[in-house]
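Listed here are the chains, written in short residue letters.
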Amino acid sequence: MPGIRVTAVSFALLAVLAACGSPASSPAPASAPPATSSESTVPSPSGTSAVATAPDQLKFTAKTLDGKDISGADLAGKPVVLWFWAPWCPKCQREAPGMAAAAKEHGEKVTFLGVAAQDQVPAMQQFVQRYGLQSFQHVADVDSAVWKRFGVTAQPAYAFVSAGGEVEIVTKQLSEQDLKQRLSALA
């Protein structure tokens, strides 16, 4: 019985301590904390800056095809579409002209990010050149780490991330019409 009494007292003590740090019992800080790698400062409708927290899937760092660092968390607070592709993929090759057109049409309201994997950087760069996809950035996901964050196991696939941080993952090829409808809803 003493073991049960100690356990019950421990749980009661934990409950009291947990309540001590709750927002309802402590005053609000005078200013917002500085943005971290998983937060991004974005303008709010009132014209002031607000901190947008990145969904877990966007908490990655990677290299672009031109070797620059990119942080997925920097995309927080914006509507974003990630397109997962591989250079040798026939479906991706068929989708590429539609993605280039969609990025030109919606690129002012939606951020596009290509996530290339399952090949080497030179083949990825050639794919971007061949299909005119230079209007948006592409990640060289040679170890498929970003693909894994989004649960992508085959290409083509998409992740539609709303400005509010909701993530919808589509793991099939989309028609140009379906893509346009999803982008219009996202913007």
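Since the model is a prediction, treat every value here as computed from it, not as a measurement.

Conventions adopted
- Residues numbered from 1 in each chain as written.
- Predicted model: local features only at pLDDT ≥ 70, side-chain atom pairs only at ≥ 80, totals over all residues.
- Heavy atoms only, no water.
- Buried < 20%, exposed > 50% of the residue type's maximum accessible area, 1.4 Å probe, protein only.
- Helix = DSSP H or I, 4+ residues; strand = E, 2+ residues; numbered from the N terminus.
- Arc of directions from axis to C-beta.
- Core = buried A, V, L, I, M, F, W, Y, C linked by side-chain atoms within 4.5 Å.
- Contact = heavy atoms within 4.5 Å.
- Pairing = 2+ DSSP bridges.
- Polar contact = N/O pair within 3.5 Å; in protein donor to acceptor, adjacent residues only side chain to side chain.
- Axes fitted to C-alpha atoms, helices over the stretch in contact; angles between N-to-C directions.

Caption draft 1: Here's a closer look at helix 5 (residues 176-186). Taken as a whole, helix 5 has its buried residues at L179, L183 and L186. When helix 5 is viewed along its axis, its buried side chains cluster within an angular range of 60 degrees and face the same direction.

Caption draft 2: The arrangement of the nonpolar core in detail. Within the largest apolar cluster, 28 residues are counted, with the highest numbers of intra-cluster contacts made by W83, F112, L133, Y158 and F160. For this core, the elements supplying multiple residues, two or more each, are strand 5 (80-85), helix 2 (90-106), strand 6 (111-116), helix 3 (121-130), strand 8 (157-161) and helix 5. If sequence neighbours within four positions are ignored, F160 has contacts with V80, V81, E166, V167, E168, V170, L174, L179, R182, L183 and L186.

Caption draft 3: Up close: the pairing of strand 8. Summarising burial for strand 8: 5 of the 5 residues are buried, a large majority. Both strand 5 and strand 8 contribute to a ladder of 5 bridges, which runs antiparallel. For V81, the partnering residue across the bridge sits in strand 8 and is F160. Sheet topology note: the strand 8/strand 9 (residues 167-170) ladder contains 4 bridges and is antiparallel. Paired with F160 across the bridge in strand 9 is E168. Hairpin connection from strand 8 to strand 9: 5 residues lie between these consecutive antiparallel strands, with G165 at a positive phi of about 100 degrees.

Caption draft 4: Structural context of the environment of E95. Here E95 is to be found in helix 2. Spatially, the C-alpha atoms of E95 and P156 are 8.4 Å apart, while their sequence positions differ by 61 residues. Sequence-distant contacts of E95, defined by excluding residues within four places in its chain, comprise W83, P156, Y158, Q173 and L174. A distance of 2.9 Å separates a polar atom in the side chain of E95 from a polar atom in the side chain of W83.

Caption draft 5: Molecular detail of the sheet that holds strand 7 (residues 137-140). A sheet is described by the order of its strands in space; here 5 strands give the open sequence 7-6-5-8-9, paired in mixed fashion. Strand pairing shows two members of the sheet lacking a second neighbour, strand 7 and strand 9, which therefore form its edges. In this sheet, adjacent strand axes meet at a mean angle of 20 degrees when their direction is disregarded. Strand direction decides the pairing type here: strand 5 and strand 6, joined by 6 bridges, are parallel. Counterpart to F84 in the pairing with strand 6 is V115. In the packing of helix 2 onto the sheet, contacts are made with strand 5, strand 6 and strand 8, and the angle to strand 5 comes to roughly 160 degrees. Sitting on the sheet, helix 5 touches strand 5, strand 6, strand 8 and strand 9, and the angle it makes with strand 8 is about 20 degrees.

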